[in-house]
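Listed below, chain by chain, are the residues.
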Amino acid sequence: PLTVEEVRMLVELFYLPYRHGPQAQRLLEDLQWLRANSPSMGVPTRSPNPSVVAQWRGRARSFQQLCAQTCCLHSCFVRSAGQALLYDLHPYLWDVRNLLLAASAFVLWLGCQSIAAPLFPGEDAEPWVHRGGLFGELQALLPVGNSCDLFCHPPPLFPSRQLYLLRPLLPRDKVRWDLCAPSALGLAPAQQCPALPGRVLGSFLSLSSEYTFVLEDENGPCGYAAGALCAEGFLQERDSSWLPAMQRRYPQELGVLGQVRERLWCWDGVGEGGFPHCVCRLQGVLEEALLFFHTKPVSVPLPVLRRFPSLVQLDTAPRVQDVGAGCSLAVSLLSALRANGSRGVFCQVSAADHRQLSFYSKLG
């Protein structure tokens, strides 16, 4: 069952329409203060005051701990509440959980970004854009708070108690993405083909890592959101320097595909049951990943780049069934881009990639 402290926190999150309990009020005050004092964390012409930085980081840690407690409360509530109470209150708690996941990641990003002091646009939203209660006030404090389509998702039919962590990319993450390579098949290091993660995220990790966020669950990384503030410059650099470097690293004439095919065929004789089918599917993915570097990218029309100057790319693992986690990824990335002056974003999706089309459609 829920503890007394968890019940108290639940009550304080949804106290009265225009009045919040102490912990909810602290969430609002911390986020407002961190946003107002965030320029001291950037890299302006002069170095920030160390005492101000220490104060900012201390308050950021306090805010993130409170966000984490709220996420744990959501998980405990799903596990412990009676069915009638669960379906009455879960939509509200689920909304706040998703928003605090994004807000916590955005605050972490403010503390580690190293580009320029963030700019928060002061546009007035229409009254109907922001909902009431704690959710609406938190929404208004995020740079993309006026984008109502990001905040109107229905809760899942079957509530999940899965805990998620959302944060900016760390240096060690660049190594962890290589775990996508098929080492479980026993391939030699030269044959494990780091082209797999390189195809998905390589250009963003190399050219725009400061706008990359990672979603984790109890099993490790399960989603990402990556972006480029100036898509025109990013695409030019990708095509002129990054892609040629990848082509030199994975040349077609080396016969890498033949080596992979030969090794997988040897495993075919050892495997049992459906293992050969898995091998064939993996072989196709490897071929697609390697050939990706030798295919001329589709050019983006200039009117698109002028109207939507930033590029984004998001995805989650198939095990992430909660659309709220994907929404939190989008809100954190778009908040970071918006805080640095982006007026709009676009993404590139293959017309044949039905899974990605469905993912973006669910985000609105």
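This one's a predicted model, so the numbers in the text were calculated from it and none came from an experiment. (Residues numbered from 1 in each chain as written. Predicted model: local features only at pLDDT ≥ 70, side-chain atom pairs only at ≥ 80, totals over all residues. Heavy atoms only, no water.)

Undergrad: Can you lay out a nonpolar patch on the surface for me, pointing to particular residues and giving the numbers?
TA: On the surface, a nonpolar cluster with roughly 340 Å² of combined accessible area is contributed by Val7, Val11, Tyr15 and Leu16. Within the secondary structure, Leu16 sits in the loop between helix 1 (4–13) and helix 2 (22–36). Exposure remark for Leu16: the relative accessible area of 45% places this residue in the partly exposed category. (Patch = residues over 30% accessible without salt bridge, like charges linked within 9 Å, V, L, I, M, F, W, Y side chains within 5 Å. Areas by Shrake-Rupley, 256 points an atom, 1.4 Å probe, with all protein chains shown as cover. Salt bridge = Lys/Arg side-chain N within 4 Å of Asp/Glu carboxyl O. Helix = DSSP H or I, 4+ residues; strand = E, 2+ residues; numbered from the N terminus. Buried < 20%, exposed > 50% of the residue type's maximum accessible area, 1.4 Å probe, protein only.)

Undergrad: Can you lay out the packing of aromatic side chains for me, pointing to particular residues and giving the numbers?
TA: For the coordinates displayed, the defined rule picks out five aromatic pairs. For the pair Phe14 and Tyr92, a centre-to-centre distance of 6.3 Å together with 65 degrees between the ring planes defines the contact as edge-to-face. Pair noted here: Phe14 is in the loop between helix 1 and helix 2 and Tyr92 is in helix 4 (residues 83–112), with a separation of 78 residues, a long-range link. For Phe14, a relative accessible area of 35% gives the class partly exposed. Both rings, one in Trp109 and one in Tyr211, keep their centres 6.0 Å apart while their planes meet at 35 degrees; by these two values the pair is tilted. (Phe/Tyr/Trp six-rings, centres within 6.5 Å; stacked < 30°, edge-to-face > 60°.)

Undergrad: With reference to specific residues and values, describe the pairing of strand 3 (residues 220–228).
TA: Summarising burial for strand 3: eight of the nine residues are buried, a large majority. Note: strand 2 (residues 212–217) against strand 3, six bridges, orientation antiparallel. Its bridge partner lying in strand 3, Val214 is registered against Tyr224. The antiparallel pairing of strand 2 with strand 3 creates a hairpin that spans two residues between the two strands. The pairing of strand 3 with strand 4 (residues 310–316) spans six bridges and is classified as antiparallel. The residue of strand 4 that forms the bridge with Ala226 is Gln313. (Pairing = 2+ DSSP bridges.)

Undergrad: For the sheet that holds strand 5 (residues 345–346), give the residues involved together with the corresponding values.
TA: Strand order in this open sheet of five strands is 1-2-3-4-5, and the pairing throughout is mixed. At either margin of the open sheet sits one strand with a lone partner, and together these are strand 1 (165–168) and strand 5. Pairing analysis gives four bridges linking strand 1 to strand 2, with the strands arranged antiparallel. Residue Leu166 lies in a different strand from strand 2, and its bridge partner there is Leu215. Here helix 8 (residues 231–249) sits on the sheet in contact with strand 3, strand 4 and strand 5, set at roughly 75 degrees to strand 4. Across the sheet, helix 12 (residues 323–339) is in contact with strand 1, strand 2, strand 3, strand 4 and strand 5; its angle to strand 4 comes to roughly 160 degrees. (Contact = heavy atoms within 4.5 Å. Axes fitted to C-alpha atoms, helices over the stretch in contact; angles between N-to-C directions.)

Undergrad: How would you explain the nonpolar core if you had to name every residue and give the values?
TA: Of all hydrophobic cores here, the largest spans 64 residues; its most connected members are Phe63, Trp109, Phe213, Leu314, Val331 and Leu333. With 13 residues, the single largest contributor to this core is helix 4. Excluding residues within four positions of it along the chain, Phe63 makes contact with Leu27, Asp30, Leu31, Leu34, Ala103, Ser104 and Val107. Counting 15 residues, the second largest nonpolar core, distinct from the first, contains Phe204, Tyr224, Ala226 and Phe234. (Core = buried A, V, L, I, M, F, W, Y, C linked by side-chain atoms within 4.5 Å.)

Undergrad: Would you mind going over the packing of helix 1 against helix 3 (residues 50–80) in detail, with residue names and values included?
TA: Relative orientation of the contacting elements helix 1 and helix 3 amounts to 105 degrees, with a least axis distance of 10 Å. Regarding the angle of helix 1 to helix 3, the classification is roughly perpendicular. Every residue of helix 3 that contacts helix 1 at Glu6, Met9, Leu10 and Leu13 is listed here: Leu66, Gln69, Thr70, Leu73, Cys76 and Phe77. (Parallel < 35°, antiparallel > 145°, perpendicular 65-115°, else oblique.)

Undergrad: Account for helix 1, with residues named and values stated.
TA: Among the residues making up helix 1, those that are buried are Met9, Leu10, Glu12 and Leu13. Taken end-on, helix 1 shows its buried residues confined to a sector of 165 degrees, consistent with a single buried face. (Arc of directions from axis to C-beta.)

Undergrad: Can you tell me about the confidence of the model for the protein, naming the residues and giving the values?
TA: When pLDDT is averaged across the protein, the result is 79; 74% of the residues are at 70 or more. In the predicted structure, residues 254–258 sits below a pLDDT of 50 and forms five contacts with residues beyond four places in sequence or in another chain. Counted against residues more than four places away or in other chains, residues 260–280, with its pLDDT under 50, gives 17 contacts. (pLDDT = per-residue confidence, 0-100.)

Undergrad: How would you summarise the side chain of Glu216 if you had to cite specific residues and measurements?
TA: For Glu216, the position within the fold is in strand 2. A polar side-chain atom of Glu216 sits 3.0 Å from a polar atom in the side chain of Arg167. (Polar contact = N/O pair within 3.5 Å; in protein donor to acceptor, adjacent residues only side chain to side chain.)

Undergrad: Account for the pattern of salt bridges, with residues named and values stated.
TA: Enumeration over the complete set of coordinates arrives at eight salt bridges. One salt bridge connects Asp30 with Arg59, and the closest N-O pair in it is separated by 2.8 Å. Taken together, the residues Asp30 in helix 2 and Arg59 in helix 3 connect sequence positions 29 residues apart. On the basis of relative accessible area, Arg59 is assigned to the partly exposed category, the value being 26%. Across the salt bridge formed by Arg306 and Glu232, the nearest N and O atoms sit 2.8 Å from each other. Remark: Glu232 occurs in helix 8 and Arg306 occurs in helix 11 (residues 302–307); sequence separation between them is 74 residues. Taking relative accessible area as the criterion, Arg306 reaches 47% and is therefore assigned partly exposed. Overall, Glu232 belongs to the partly exposed group, its relative accessible area being 27%.

Undergrad: So, the pairing of strand 4: which residues are in play, and what are the values?
TA: Judged by how many residues are buried, strand 4 sits mostly within the fold: six of seven residues are covered. In this structure, strand 4 lies alongside strand 5, joined through two bridges in parallel fashion. In the sheet register, Leu311 faces strand 5, and the bridge partner there is Phe346. Taking the sense of rotation as the criterion, the β-α-β connection linking strand 4, helix 12 and strand 5 turns out right-handed. (Right-handed = clockwise from strand over helix to strand, strands pointing away.)

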